[in-house]
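Now for the letters of each chain:
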Amino acid sequence: MSWGTELWDQFDNLEKHTQWGIDVLEKYIKFVKERTEIEINYAKQLRNLSKKYQPKKNSKEEDEYKYSSCQAFLATLNEMNDYAGQHEVVSENMTSQITAELARYVQELKQERKMHFHDGRKAQQHIETCWKQLESSKRRFERDCKEADRAQQYFEKMDADINVTKADVEKARQQAQLRHQMAEESKAEYSSTLQRFNHEQHDHYHTHIPNIFQKIQEMEERRIIRIGESMKTFAEVDRQVIPIIGKCLDEITKAAESIDQKHDSKLVVEAFKSGFEPPGDVDFEDFTQPIKRTVSDSSLTNSKDGKPESRFSSKSKGKLWPFIKKNKFMSLLTSPHQPPPPPPSSSASPSAVPNGPQSPKQQKEPLSHRFNEFMTSKPKIHCFRSLKRGLSLKLITLNMQVWNLMEGGGPEDFSNLPPEQRRKKLQQKVDELNRDIQKEMDQRDALTKMKDVYIKNPQMGDAASVDLKLAELAQNLEKLRLEAQKFEGWLAEVEGRLPARTEPARRQSGMYEPQNTLTVNNCAQDRESSPDGSYTEEPSQESEVKVPAPEFDDEFDDEEPLPTIGTCKALYTFEGQNEGTISVSEGETLFVIEEDKGDGWTRIRRNEDEEGYVPTSYVEVFLEKNAKDS
């Protein structure tokens with residue numbers, strides 16, 4: 001259906017309609033432009049989101065991404081970054097293929113529309129001009145006809161009047177003929193103009209206007225086709241990135257499926273494993289021992305079943321005291337939690353009793369007096385009140401210090417860490433040093449080859465200039481090798497000292513928690529597990545453990561030491577290797593600060609810094625008179 005034949009009289013409406021079509025096209029361009037801006041902003045927000053949750057370099061978060069779940073999350077962040085890139089591609093393609101193309105097409109469309117409607121207006125102006133000429137010719141013909149009719153009537157009137165001269169009548173006749181001739185000429189001109197107008201009008205409505213309207217119709221149809229193609233492109237741009245987006249989503253799914261909970265659990269073990277053995281069972285402590293004690297020839301007797309008697313009230317038993325300083329605090333708390341060894345059978349004994357030497361004879365005391373003494377006496381532990389008062393705050397302080405050390409502020413050999421963590425740190429340090437050594441060796445080999453080239457071809461460079469660098473590399477290699485040997489020695493020592501997993505540890509008062517000792521020469525690396533489950537220093541490191549821990553000792557130094565209640569002489573040599581014991585030599589004289597309470601141990605002191613327990617059967621005790629009376 002042609003606009004030229006059907007809409008020949010709708011020029012103004014067609015002009016409005018085509019302008020509306022251009023407005024629609026511009027509206028669609030604006031829509032696509034806003035869509036591209038949304039895609040760009042969305043991609044930017046996705047990238048910012050991915051960047052926000054990326055692990056920061058050289059931070060604690062970076063260590064967390066060794067777990068498979070965190071690695072899957074990191075893969076998700078990376079895929080979201082690629083996902084954002086696809087939205088940027090959508091924006092770029094829409095801008096180049098739709099927005100820019102349609103904007104250029106709109107300008108061309110406006111120019112074409114303007115030209116077509118200019119031709120239409122020109123045709124309308126021409127037909128209007130022809131119509132005006134026809135109207136003018138028609139009016140002139142009408143006027144001339146009326147003038148000729150009036151001139152004819154005037155002639156006839158003059159010719160009928162007998163009073164008019166013949167000359168006037170002739171003049172009137174000539175005038176009538178002239179007007180009649182002019183009317184005929186106007187008639188001929190009007191007829192010619194009318195024919196010409198009809199021809200022009202036919203051409204206008206059947207040729208010119210239909211052609212112009214047909215061009216406008218084609219222009220409008222091209223606009224409609226173009227906007228349809230743009231809509232297809234709009235969908236196709238999105239469809240092109242769907243496979244890549246689907247691949248990103250598949251990678252996210254694959255990362256999620258790669259999460260291994262068992263592997264993560266293993267990493268947790270590797271990250272926090274201390275290498276210590278769990279505590280064993282707590283020994284039963286029979287508080288009825290003092291009641292069942294019978295009067296004997298000596299006031300210092302062994303307990304019934306060889307179990308040590310409690311030195312504390314029930315409130316203090318069973319507590320685990322971490323970070324305890326050895327040889328001072330431990331000896332203040334309890335005697336060794338194991339039966340004392342029997343005296344050597346080969347040594348000469350002053351008293352040939354089956355159980356070895358006994359302390360001097362004591363006056364027999366009634367059972368009721370010993371029971372009252374047990375019920376009313378307080379433990380001779382002067383520092384226990386101070387410990388009870390300040391332990392909570394001190395433990396918090398020490399825990400914070402240990403945490404700071406584990407964060408990287410500890411000694412060079414990582415002796416502040418538990419055995420397993422220390423081994424891992426040392427292994428990492430050794431690997432790092434080996435990589436540095438390999439790097440230095442590669443540089444040395446390269447410089448050596450360069451020097452050989454310079455020697456063979458002196459024009460390429462001076463071989464002597466490389467010697468300084470080679471010497472520097474040799475020094476660096478020597479330092480790195482020494483450093484690696486040092487850490488390898490520490491690593492070998494740690495790997496040899498890790499406690500065997502098949503040996504059950506016995507839970508004692510001192511327990512097995514690592515101590516926060518700040519001693520010289522890194523004495524923490526020399527700990528080893530003793531048979532009773534507590535940790536002792538090696539004999540060769542005895543001097544090192546005597547360096548006090550400056551912060552923890554303050555809680556006990558303000559307590560006065562226990563007074564001496566007598567002296568004793570060592571009958572046999574005793575090697576005190578367990579926690580709370582002290583070594584003595586045969587014939588050595590020492591001070592007694594606490595007598596045997598029935599567990600087979602006597603507490604003695606050599607000097608201000610050395611005190612501990614020895615088996616009662618290994619010494620001969622001489623109590624002072626006032627101590628006996630009390």
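Below, the structure is looked at part by part.

Each value, and the rule that gives it
Per chain, residues are indexed from 1 in the order of the written sequence. Side-chain atom pairs in this predicted model are given and counted only at pLDDT of 80 or more, local residue features only at pLDDT of at least 70, and totals for whole chains, interfaces and linings cover all residues. Calculation of side-chain values draws on the structure's entire complement of heavy atoms; hydrogens and water are dropped beforehand. Counting from the N terminus, the helices are DSSP H or I runs at least four residues long and the strands are E runs at least two residues long. Accessible area is worked out with a 1.4 Å probe on protein chains only. A residue is then buried under 20% of its type maximum, exposed over 50%, and partly exposed in between. The method behind every accessible area is Shrake-Rupley, applied with a 1.4 Å probe, and residues are considered shielded solely by the protein chains displayed. Two strands make a pair as long as DSSP finds a minimum of two bridges between them. Here, axes are lines fitted to C-alpha atoms. For helices the fit covers the stretch in contact, and angles between N-to-C directions go from 0 to 180 degrees. In a helix, the anticipated span is given by 1.5 Å times the number of residues less one. The contact definition used throughout considers only heavy atoms, calling two residues in contact when any of these lie within 4.5 Å. Here a polar contact means two N or O atoms within 3.5 Å. Within protein one must be a hydrogen donor candidate and the other an acceptor candidate, and residues neighboring in sequence count only if both atoms are side-chain atoms. Throughout, nonpolar core names a set of buried Ala, Val, Leu, Ile, Met, Phe, Trp, Tyr and Cys residues whose side chains join them through atoms within 4.5 Å. What counts as a ring pair is set by centres within 6.5 Å for rings of Phe, Tyr and Trp (its six-membered ring), and what kind of pair is set by the plane angle: stacked under 30 degrees, edge-to-face over 60, tilted for all other angles. These descriptions rest on fixed angle ranges, namely under 35 degrees for roughly parallel, over 145 for roughly antiparallel, 65 to 115 for roughly perpendicular, and the rest for oblique. Each crossing gets its hand from how the near helix is turned against the far one by less than a right angle, where anticlockwise is left-handed and clockwise is right-handed. Classification used: nonpolar for Ala, Val, Leu, Ile, Met, Phe, Trp, Tyr, Cys and Pro, charged for Asp, Glu, Lys and Arg, polar for all others including Gly. Here a salt bridge means any side-chain nitrogen of Lys or Arg lying within 4 Å of a carboxyl oxygen belonging to Asp or Glu. What goes into a patch is any residue over 30% in relative accessible area without a salt bridge, connected to like charges within 9 Å or, for nonpolar side chains (Val, Leu, Ile, Met, Phe, Trp, Tyr), within 5 Å.

Some thoughts on the overall build of the protein
Assigned secondary structure in the protein consists of 14 helices and seven strands. The 630 residues of the protein split such that 38% are buried. For the protein, the computed accessible surface area is about 38,200 Å², with 53% contributed by carbon and sulfur atoms.

Remarks on the pairing of strand E4 (residues 589–594)
By the bridge criterion, four bridges tie strand E3 (residues 566–570) to E4 in an arrangement that is antiparallel. Along E4, the bridge assignment pairs Lys-569 with Thr-589. Inspection of the sheet shows E4 paired to strand E5 (residues 601–605) by three bridges, in the antiparallel sense. Directly across from Glu-594, in E5, lies its bridge partner Arg-603. A loop of six residues connects E4 with E5, the two strands running antiparallel in sequence, and Gly-598 in this loop sits at a positive phi of about 110°.

Some thoughts on the sheet that holds E4
Reading across from one edge, E6-E5-E4-E3-E7 is the order of the five strands in this open sheet, with antiparallel pairing throughout. The open sheet is flanked by strand E6 (611–615) and strand E7 (619–623), the only strands paired with a single partner. Neighbour-to-neighbour, the strand axes of this sheet turn through a mean angle of 40°, independent of strand direction.

Overview of helix H6 (residues 261–272)
With twelve residues, H6 ought to run about 16 Å at 1.5 Å a step, and its terminal C-alpha atoms sit 17 Å apart, in line with that. Here the buried face of H6 lies against helix H4 (68–160) and helix H11 (419–456). The opening residue of H6 is Asp-260, an N-cap whose side-chain oxygen sits 3.1 Å from the backbone nitrogen of Lys-262.

Some remarks on the nonpolar core
Judged by nonpolar contacts, the single largest core of 31 residues is most densely connected at Leu-25, Tyr-28, Met-94, Ile-98, Phe-213 and Ile-216. At the level of elements, helix H2 (11–52), H4 and helix H5 (166–257) are the ones that each hand at least two residues to this core. Sequence-distant contacts of Ile-216, defined by excluding residues within four places in its chain, comprise Trp-3, Thr-18, His-116 and Phe-117. Listed in part, the 18 residues of the second largest apolar core include Val-584, Val-592, Ile-604 and Leu-623.

Section: the side chain of Thr-99
Tracing the backbone shows Thr-99 in helix H4. Look at Thr-99 and you get buried, because its relative accessible area is 12%. Setting aside anything within four residues of it in sequence, one finds Thr-99 in contact with Ile-29, Val-32, Lys-33 and Met-94.

Thoughts on the packing of aromatic side chains
Applying the stated criterion to the full structure yields twelve aromatic pairs. Each ring, one from Trp-8 and one from Tyr-205, has its centre 5.2 Å from the other, and the planes form 85°; the classification is edge-to-face. Residue Trp-8 is found in the loop between helix H1 (3–6) and H2, and its partner Tyr-205 is found in helix H5; the two are separated by 197 residues along the sequence. Judged by relative accessible area, Trp-8 falls into the partly exposed class, the value being 41%. Since its relative accessible area comes to 30%, Tyr-205 is described here as partly exposed. Judged by centre distance (5.8 Å) and plane angle (40°), the rings of Tyr-28 and Phe-31 are tilted. Of the two residues, Tyr-28 and Phe-31 are both situated in helix H2; the distance of three residues between them amounts to about one turn of the helix. Relative accessible area serves as the criterion here: at 10%, Tyr-28 is assigned to the buried category. Classification of Phe-31 as partly exposed rests on a relative accessible area of 43%. By way of ring pairs, the aromatic residues Tyr-572, Phe-574, Trp-601 and Tyr-618 are connected into one cluster.

Considering the pairing of E7
Only one face of E7 is covered, namely the face carrying Val-619, Val-621 and Leu-623; the face carrying Glu-620 and Phe-622 is uncovered. Here five bridges tie E3 to E7, and the two strands are oriented antiparallel to one another. Residue pairing in the sheet places Lys-569 in a bridge with Glu-620 of E7.

A word on the packing of H2 against H5
Where H2 meets H5, the closest approach of the two axes is 11 Å, and the angle between their N-to-C directions is 15°. Considering their axes alone, H2 and H5 lie roughly parallel with respect to each other. Between H2 and H5 lies a crossing of left-handed hand. Considering only residue class, the contact of H2 with H5 consists of 15 nonpolar, four polar and four charged.

Here's the deal with the environment of Phe-574
Position of Phe-574 among the secondary structure elements: in the loop between E3 and E4. Overall, Phe-574 belongs to the buried group, its relative accessible area being 8%. Considering only alpha carbons, one finds Phe-574 and Ser-585, eleven residues apart in sequence, at a separation of 6.5 Å. If we ignore the near neighbours within four places in the chain, the residues touching Phe-574 are Pro-341, Thr-581, Ile-582, Ser-583, Val-584, Trp-601, Tyr-613, Val-614, Pro-615 and Tyr-618.

Looking at the pattern of salt bridges
Within the structure shown, the criterion is met by 22 salt bridges. In this structure, Arg-222 and Glu-112 form a salt bridge, with 2.3 Å as the shortest nitrogen-oxygen distance. Taken together, the positions of Arg-222 in helix H5 and Glu-112 in helix H4 put the pair 110 residues apart, joining distant regions of the chain. Between Glu-610 and Arg-606 there is a salt bridge, with the nearest N and O atoms lying 3.5 Å from each other. Accessibility expressed as a relative area gives 25% for Glu-610, which makes it partly exposed. On the basis of relative accessibility, which here comes to 26%, the residue Arg-606 falls in the partly exposed class. One salt-bridge network, in which partners are shared between bridges, spans Glu-594, Arg-603, Arg-605 and Glu-611.

Some words on a nonpolar patch on the surface
Together, Leu-49, Tyr-53 and Phe-73 make up an exposed nonpolar region whose accessible area comes to about 280 Å². Mapped onto the elements of the fold, Phe-73 is located in helix H4. Accessibility expressed as a relative area gives 36% for Phe-73, which makes it partly exposed.

Comments concerning the environment of Tyr-454
Examined against the element boundaries, Tyr-454 turns out to sit in helix H11. It is 9.8 Å that separates the C-alpha atoms of Tyr-454 and Ser-465, two residues lying eleven residues apart in sequence. The contacts of Tyr-454, once residues within four sequence positions are left out, are Met-460, Gly-461, Asp-462, Ala-463 and Val-466.

Side note on the side chain of Arg-605
Tracing the chain through its elements places Arg-605 in strand E5. Overall, the relative accessible area of 11% leaves Arg-605 in the buried class. For Arg-605, the side chain forms a polar contact with the side chain of Glu-611, separated by 3.1 Å. In this structure Arg-605 touches Pro-561, Leu-562, Thr-564, Leu-590, Phe-591, Ile-593, Glu-610 and Glu-611, once residues within four positions along its chain are discounted.

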